[in-house]
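Observations on chain architecture
Take a look at the letters that make up each chain.
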Amino acid sequence: MSELKRKIARLIEAAGPISVADYMSLCLLDPEHGYYTTREPFGEKGDFITAPEVSQMFGELVAVWLYSAWKACGAPAAPVLAEIGPGRGTMMADMLRTLERLDPSFLSDAKLILIEASARLSKVQRETLGQRAENCTWIADVGDLPEGPLFIAGNELFDALPVRQYVKTAQGWRERMIGLDDKEQLAFVAGAGSLETSLLPEGADNAREGAIVEIAPARTAMMQRIAEALARRGGAGLFPDYGYEKPAIGDTLQALRAHAYDDVLAHPGEADITAHVDFHALKQAAKSHGLSARTMSQGDFLLGLGLLERAGRLGAGRSHGEQEAIRDAVERLAGPETMGELFRVLAVTPSTVTVPPFTSAH
Ligand code: SAH
């Protein structure tokens, strides 16, 4: 049994079952044994590969988008360029290299901020950025951002924030909790807490017993705080993630370990735990601050920003093998069978601003 499993079992023995949201938080960010606090999750040797780790082209195109957003907002002075949940720091490194080429004066005028909850990952990010780290500031919370118009990106941030789950029982919807079974193993149980019916998705009335719905107050709260900052200071945000556009019934909680799906209760702290993002809820949160919130598939987003042209330039004069690897990366990032469809990109801007490839129709 892992250290964290023992700790969670003790917690449950002492105080009763814990929510899926608390379980997720403990698994990911427990100060002693959490996944992000103790492990190296990303890359070929880790448990999963994110878009910035697939290819430098991803961070380059995100930088191009943030820069166009800054221009579309009237190129305000002293902008804050921030990334939230930067993982290994790869995307920030790719963005800074691109912006330096695109417009060195923008970069020297900008405050560069990395928002990271894990002290260990902040250290990894510092190493990845090398010399460039000297111009960057690390903060642990959105509330600590310095003043100024904000241009912020966060790849696969929201899927890592906890969700709550509710399960349909004979007595109605009950919060899905994690308790101990008669063999002292972690097991799902129906808790006492219920759910306000206005929060249920369409069709929930007719759901069969055992059906599950997810709501994510922590994600909505995070988007509320980011949107509040954007509305007050001006600026724009870009959030690629995987998820769905229409709230539905279903259990999307998943654990990944060594590039394979794992039982979510089997290895707390040793596997990545995420749940799909409800883009509808995030959009509603942004819109409640008077902002525009638009989504499109990651494939359309990257192709719309010139992924193929960028790949062509990157491959020019390279060996056959290198060109093959670049083609492969394009397929993984934008192909319908890989990240291109399931991954979506959420853009939050002032309501008067549209930044391509988004149009007012999105
Ligand atoms: N963006 C990176 C990493 C994604 S994993 C990539 O695409 O490779 C999620 C990241 O969000 C990790 O760096 C994790 O430590 C961080 N994180 C989780 N909760 C956070 C929070 N509340 N505030 C800031 N960062 C958070």
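The biggest cluster of nonpolar side chains holds 53 residues, and the ones touching the most others in it are Trp65, Leu129 and Phe301. Residue contributions to this core peak at ten residues, all from helix α5 (residues 56-72). With sequence-adjacent residues up to four places away left out, Trp65 is seen in contact with Ala236, Gly237, Leu238, Phe301, Leu305, Ala347, Thr349, Val355, Pro356, Pro357 and Phe358. If you look at the next biggest cluster of nonpolar residues, it comprises 29 residues, including Ile115, Ile152, Leu157 and Ala229.

Attention now goes to the layout of surface pockets. The space that makes up the largest pocket amounts to roughly 600 Å³. Considering the residues around the largest pocket, the lining is formed by 38 residues, among which Tyr36, Gly85, Glu116, Leu157 and Ala160 are closest to the centre. Secondary structure elements with two or more residues in the lining of the largest pocket: α2 (20-29), α4 (51-54), β2 (80-84), α6 (90-102), α9 (217-233) and β13 (272-274). Counting residues per element, the lining of the largest pocket draws most heavily on α2, at four residues. Partitioning the lining of the largest pocket into residue classes produces 21 nonpolar, eight polar and nine charged.

Looking now at the pattern of salt bridges. According to the stated counting rule, one finds 18 salt bridges in the structure shown. Measuring nitrogen to oxygen at the nearest pair gives 3.5 Å for the salt bridge that ties Glu3 to Arg6. Linking Glu3 with Arg6, this pair stays in helix α1 (residues 3-15), spanning three residues, or about one helical turn. Owing to a relative accessible area of 36%, Arg6 belongs among the partly exposed residues under this scheme. One salt bridge in this structure joins Glu60 and Arg310, with 2.6 Å as the shortest N-O distance. Residue Glu60 is located in helix α5, and its partner Arg310 is located in helix α12 (residues 307-315); the two are separated by 250 residues in the primary sequence. Arg310 carries the same exposure label as Glu60, and that label is buried.

Spatial strand order, β12-β11-β13: three strands in an open sheet with antiparallel pairing. On the outer flanks of this sheet lie β12 (260-262) and β13, each paired with one strand and no other. Along the sheet, successive strands turn relative to each other by an average axial angle of 40 degrees, direction set aside. Bridge analysis of strand β11 (residues 254-257) against β13 gives three bridges, and the strand direction is antiparallel. Directly across from Leu256, in β13, lies its bridge partner Asp272.

About the criteria used
- Residues numbered from 1 in each chain as written.
- Predicted model: local features only at pLDDT ≥ 70, side-chain atom pairs only at ≥ 80, totals over all residues.
- Heavy atoms only, no water.
- Core = buried A, V, L, I, M, F, W, Y, C linked by side-chain atoms within 4.5 Å.
- Buried < 20%, exposed > 50% of the residue type's maximum accessible area, 1.4 Å probe, protein only.
- Helix = DSSP H or I, 4+ residues; strand = E, 2+ residues; numbered from the N terminus.
- Contact = heavy atoms within 4.5 Å.
- 1 Å grid on protein atoms, 1.4 Å probe; cavity = no way out; pocket = protein on both sides within 12 Å on 5 of 7 lines; lining within 4 Å.
- Points joined across faces, edges and corners; volume = space filled by probe spheres on them.
- Nonpolar A, V, L, I, M, F, W, Y, C, P; charged D, E, K, R; others polar.
- Salt bridge = Lys/Arg side-chain N within 4 Å of Asp/Glu carboxyl O.
- Pairing = 2+ DSSP bridges.
- Axes fitted to C-alpha atoms, helices over the stretch in contact; angles between N-to-C directions.

These values are about where atoms sit, not about what they do.
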